[in-house]
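Observations on the model geometry
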Amino acid sequence: MFARCRLLQPLAHCCDDLFQDFKTYQRQVPVVGCILLNSKRTKLVLVRNWKGTSWTFPRGKVNEGESDLDCARREVAEECGYDVGNHLEPKQHLEFVANDQRMRMYICPDVPEDYAFAPQARKEISTIQWFTFDGLPKKTWSVMPFMPRLKRWVKGHKITKKKGCRAGISSTGRAASVPRNRPLTSSVNDVVQKSREDILNKKKTHRQERSISTPT
């Protein structure tokens, strides 16, 4: 290219140095993305590059003049087709520096597991998939450094329950794991019926005792 382009011919003698400078600059551009979590915060979304074998979070390099939050929104939209909107909290992120490159991942919980992810950028992402924290695939070199901090974040940010509800109990007072219209078994029906009969008998006996003790 340097030999054929007249504008670049004067730089042909130092093209190798220029290329190395560009590679160094490229490695120093910050990388920003998102950690998409399900509502239970037990699974996360990973993507695999086009014709690649390694898995990463949805992420990418920050454009000139672009904020970290805008970069995270753009990369998730391009690679997953998911709009995080205004759900990202500026302070809810994990970050570390490796080889002079800053990597920041914003945490985005409550992503529907049945969402139909679809990359918007052509020939950039080949696979988008949910994984459990303990079931990550191989070749996740860029993911593993975040996992200890992510697990600590999940422990420190427990799922909030509705006011007035106890663990495992919904706002209606029913056990959250029991369907509302679940049919009662015959044994349970027998117990309920016997309990009702006992209550009626006690009330009847109490009325009779009151009528006897009341003077005429």
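What comes next is a walk through the structure. Computed from a prediction, not measured in an experiment: that's the story for all the values here.

1. Quick word on the packing of aromatic side chains
In this structure the tally under the stated criterion is seven aromatic pairs. Centroid distance Trp55 to Phe131: 5.1 Å. Interplanar angle 80°. Geometry classified as edge-to-face. Residue Trp55 is found in strand S3 (residues 55-56), and its partner Phe131 is found in strand S7 (residues 125-132); the two are separated by 76 residues along the sequence. Judged by centre distance (4.9 Å) and plane angle (85°), the ring pair of Tyr82 and Tyr115 falls under edge-to-face. Of this pair, Tyr82 sits in the loop between helix H2 (68-80) and strand S5 (93-98) while Tyr115 sits in the loop between strand S6 (101-108) and S7, and the two are 33 residues apart along the sequence. Of the residues examined, Tyr82 reaches a relative accessible area of 9% and is grouped as buried.

2. A few points about unusual backbone geometry
One non-glycine residue, Lys51, adopts positive backbone phi at about 60°. By the element assignment, Lys51 lies in the loop between strand S2 (43-49) and S3. Phi is positive for Lys139, close to 60°, though the residue is something other than glycine. Here Lys139 lies in the loop between S7 and helix H3 (147-156).

3. Observations regarding the pattern of salt bridges
Within the structure shown, the criterion is met by 10 salt bridges. For Asp68, the salt bridge is made with Arg104, and the minimal N-O distance between the two is 3.3 Å. With Asp68 in helix H2 and Arg104 in strand S6, this residue pair connects regions lying 36 residues apart in the sequence. Owing to a relative accessible area of 15%, Asp68 belongs among the buried residues under this scheme. Residue Arg104 is classed as buried on the basis of its relative accessible area of 17%. Measuring nitrogen to oxygen at the nearest pair gives 3.0 Å for the salt bridge that ties Glu75 to Arg74. For Glu75, a relative accessible area of 5% corresponds to the buried category.

4. Re the environment of Lys91
Its place among the elements puts Lys91 in the loop between H2 and S5. Sequence separation between Lys91 and Tyr106 is 15 residues, and the spatial gap between their C-alpha atoms is 8.3 Å.

5. Observations concerning the side chain of Ser142
Among the structural elements, Ser142 can be located in the loop between S7 and H3. Beyond its immediate stretch of four places on either side in the chain, Ser142 contacts Trp55, Thr56 and Arg59.

6. Section: the sheet that holds S3
If you walk across this open sheet you meet the three strands as S3-S2-S7, and the pairing is antiparallel. The open sheet is flanked by S3 and S7, the only strands paired with a single partner.

7. Quick notes on H3
Of the positions making up H3, those classed as buried are Met147, Leu150, Trp153 and Val154. Buried residues of H3 fall within an arc of 115° about the axis and therefore sit on the same side. Facing away from the buried side of H3 by over 90 degrees, the exposed positions are Arg152, Lys155 and Gly156.

8. Some details on H2
Helical geometry: 3.6 residues make up each α-helical turn, so side chains three or four residues apart lie on a common side. For H2, which comprises 13 residues, the first-to-last C-alpha distance of 18 Å matches the rise-based estimate of 18 Å (1.5 Å per residue) to within 8%. For H2, the full list of buried residues reads Asp68, Leu69, Cys71, Ala72, Glu75, Val76, Glu79 and Cys80. The buried residues of H2 occupy one face: seen down the axis, they fall within an arc of 160°. On the buried face of H2, the contacting elements are strand S1 (31-36), S2, strand S4 (59-61), S6 and S7. Trailing H2 by a residue or two, Gly81 shows a phi angle of about 70°, which is positive.

Rules behind the numbers
- Residues numbered from 1 in each chain as written.
- Predicted model: local features only at pLDDT ≥ 70, side-chain atom pairs only at ≥ 80, totals over all residues.
- Heavy atoms only, no water.
- Phe/Tyr/Trp six-rings, centres within 6.5 Å; stacked < 30°, edge-to-face > 60°.
- Helix = DSSP H or I, 4+ residues; strand = E, 2+ residues; numbered from the N terminus.
- Buried < 20%, exposed > 50% of the residue type's maximum accessible area, 1.4 Å probe, protein only.
- Salt bridge = Lys/Arg side-chain N within 4 Å of Asp/Glu carboxyl O.
- Contact = heavy atoms within 4.5 Å.
- Pairing = 2+ DSSP bridges.
- Arc of directions from axis to C-beta.
- Expected span 1.5 Å × (residues − 1).

Geometric values such as these leave the question of function open.
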